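# Topology and contacts: notes
One letter stands for each residue in the lines below.
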Amino acid sequence: MNGPDPVDVEPGLPITHVKRVQKFADRWCGRARLPGEQTDRHLLILKRGDGYVAIPAACPHEGYRLDQCSENERNEIVCPAHGLAVPTAGHHAVAVIENGERFFLDTQTEPTTENDTQTTTVKSDELLRLRDEVESLKQANQALEQQILSVTEQMEIMLEQSTQQSRTLSSQNTEQKRLSSFINRVSDTMDSLLLVLDRLGNILQVNKSVQDVLGFSAQELIGKSPDTLLDMDELQAMHSHALSSYPTGQRLFRAILASRHLNGEVHLKTKLPHPAPPCFLMHGSPLYDITGKLEGVVIVASDVTILRRRETALRESETRFRDYSSVASDWFWEMDTRFQFEANTGDLQKHLPYLDSVVGKRREEVAWEEDTIDIERWQYYFDAIAERREFRDFEYRILGQDGEVHWVSASGKPRYDEQGNFTGYRGVTKDITQKRLIEYELLQHRNNLAVLVQEQTHDLLIAKQEAEAANQMKSEFLANISHELRTPLHGILAFAALGLKKIESAPREKLADHFDRIQQSGKRLSALIDDLLDLAKLEAGRMDMQFECANILSVEQTLRNSLEGLLLTKQLTVQIHSSSDAPLAKLDQKRFMQVLQNVYSNAIKFSPPHSVLEVRIMPSTLPGEHGKVPAWKISVHDQGPGIPEDELEAIFDKFVQSTKTKTGAGGTGLGLAISREIMKAHFGTIQARNHPDGGAVVDIHLPQFTYDSAS
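Definitions and cut-offs
Residues numbered from 1 in each chain as written. Predicted model: local features only at pLDDT ≥ 70, side-chain atom pairs only at ≥ 80, totals over all residues. Heavy atoms only, no water. Pairing = 2+ DSSP bridges. Helix = DSSP H or I, 4+ residues; strand = E, 2+ residues; numbered from the N terminus. Axes fitted to C-alpha atoms, helices over the stretch in contact; angles between N-to-C directions. Buried < 20%, exposed > 50% of the residue type's maximum accessible area, 1.4 Å probe, protein only. pLDDT = per-residue confidence, 0-100. Parallel < 35°, antiparallel > 145°, perpendicular 65-115°, else oblique. Left-handed = near helix turned anticlockwise from the far one by under 90°. Contact = heavy atoms within 4.5 Å. Nonpolar A, V, L, I, M, F, W, Y, C, P; charged D, E, K, R; others polar.

### Thoughts on the sheet that holds strand 19 (residues 573-578)
- Strand order in the open sheet formed by 5 strands is 19-21-22-24-23, and the pairing between neighbours is mixed. If you trace the sheet from one side to the other, it starts and ends with strand 19 and strand 23 (685-690), each paired once. This sheet shows a mean twist of 25° between the axes of neighbouring strands, independent of strand direction.
- Relative to strand 21 (residues 612-624), strand 19 is paired through 6 bridges, and the arrangement is parallel. Within strand 21, the residue paired with His577 across the bridge is Arg616.

Below, the structure is given as structure tokens:
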């Protein structure tokens, strides 16, 4: 965009190199050099109502260009790199002045938004509140000044009477003010609540913690009775005299005066939300001047809510542990740093009654001497405690006082003090003798049973092996079919999710590619499901066949045309040898083409590049009810790796693939099984063999079409 001739006075900082953003009528890009900077800044100019604003042209989070990005309902630009919104108003933007076809940064004003107005209103209200507080402080200061003036007048009278006495009183007054100021500062820094009552029992002063913890301001409490903050029943529990004898509103005050020092726990009322009333440790003491005259009462309350909750949780935890240990069948033990059992070990007689005292002994000293001979098993335990590691289910034997050998299982973990110093081990031991005996009996029974099965049920074992083989075939099929089903399904879901995510920003060509991939995956999934349904129908004899007279060469040509892409990819050549120009057969063209496609696909898949596929159509015979019947033999010969001799028939079973061609090329092992079922429906056969010169040959026998068969 070329601007008009420059004018003498520019309305702001000029924006140069201005260009309109393609596809957006209300966006421009430009550059501007801000004062004090050596390089230009790239700006994005946006039209907002009747005016314009400018923001940085790059995303502040990732540096992504914003000129082509979309906007949300709040007129914020959404960065596609991370999905975050970039504001285009308030302090995030700079006003722009349009002068003809030129733009200038307005360095004098900033855009005002509704949020800015609300913020200004809130700040104004806060300013008014602060002014009221300052005014209150001024009034309090004036009252204090009047008191000081009164005291000053009295001091002047006293000065007239005695200069020395005046100096003394002045010094005391100065020290008292200093101490009072110091005490006020200290009280406001205290975590504990501080309440000072006057000589009448009303609240005279509170510190800042009262408002922070209870939510009551000083204005709400000063001049009020402290009785409003606590439950009288709790106060009565702290005081030996009947509170009912004290005037209402004077009970806490009178109780403190009567007790001299009142101590105890109370729950104070609060305006703040708490799951339960907070608990405080309260101390109350009267204050007297040097003449013994009562000046008031000071109350200090420390918040012990968390401490009491922890104590309660600890007691509950200890109770649970005692309950568990009392009903558990395990023996709880502790060891010191020398790995010797300590005196506070659990009830040994209850859990292992055949053992004498183990205090001061190591585990290997308690174990049966013959058990420790198994050095390899014990080395696990020694390595664990040497490396301060946890050990679990370490089984060893103990020779009890009853003369019997008992099996036990021990588990333990290291323990440390608060400074991280190793203090020993703690763990549990349980008697597993019965478990061991049962395991031994089961082992003996299983061995005997195995002998009986081997001697008497040889046929059953063979059947079991066959069932396992069938189950293995089924498992392999399920693994293949689940992979085949998930692959296109994942493709559908992935590209659908990607399309939804990029629907607003992605080009139409990209979205069309996503839809095309979704369609391809859907077709693949549909074809796989069709194979499964076809196999089920063929096995149940419910597949409808539409038999008609057809030229086998025409069917083969149609199929070869559809596979031309695969043939060209591997540069394969198909050679057709037919003894007849029109080999006719009575067949269902769709199903027979499905057979040829399965055979051709396997041949193409396992043929080396630049090789030849030979297809021969020759006359042959098939066994019939009244002897042999004329047939066509279609042989497809590839130059692949061939098929193991012991698998030539197995590959036509369901869910089976040749081990020699099972290279991860795909497939579920259903194609040839379906083909055999289709050929059975055509009263034909399909078999496989290996060619003497290499490669595999699939022979298809199909009855010839004759007028007798047509009738």
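### Considerations on the sheet that holds strand 10 (residues 203-206)
- An order of 10-9-13-12-11 is seen for the 5 strands of this open sheet, with the pairing classed as antiparallel. Taken across any chain shown, the strands that pair with only one partner, and hence form the sheet edges, are strand 10 and strand 11 (262-267). Pairs of neighbouring strands in the sheet enclose a mean axial angle of 25°, with direction left out of account.
- The pairing of strand 9 (residues 193-197) with strand 13 (residues 294-303) spans 5 bridges and is antiparallel.

### Quick word on the pairing of strand 11
- Across the two faces of strand 11 the burial differs, with Leu262, Gly264 and Val266 buried and Asn263, Glu265 and His267 not buried at all.
- The sheet contact formed by strand 11 and strand 12 (residues 279-288) spans 6 bridges and is antiparallel. Following the sheet pairing, Asn263 is matched in strand 12 by His283.

### A look at the confidence of the model for the chain
- Summarising the model, the chain shows a mean pLDDT of 80, and 80% of its residues fall at 70 or more.
- Within the chain, the element-level pLDDT minimum falls on helix 18 (residues 707-710), averaging 55, and the maximum on strand 24 (residues 696-703), averaging 94.

### A word on the packing of helix 14 (residues 552-562) against helix 16 (residues 589-606)
- Contact geometry of helix 14 with helix 16 gives a least axis separation of 10 Å together with a crossing angle of 55°. Considering their axes alone, helix 14 and helix 16 lie oblique with respect to each other. The element helix 14 and its partner helix 16 pack so that their crossing is right-handed. Counted together, Ile552, Val555, Glu556, Thr558 and Leu559 of helix 14 and Gln589, Phe592, Met593, Leu596, Gln597 and Tyr600 of helix 16 form the full contact between these two elements.
- For the contact of helix 14 with helix 16, the residue count by class is 7 nonpolar, 3 polar and 1 charged.

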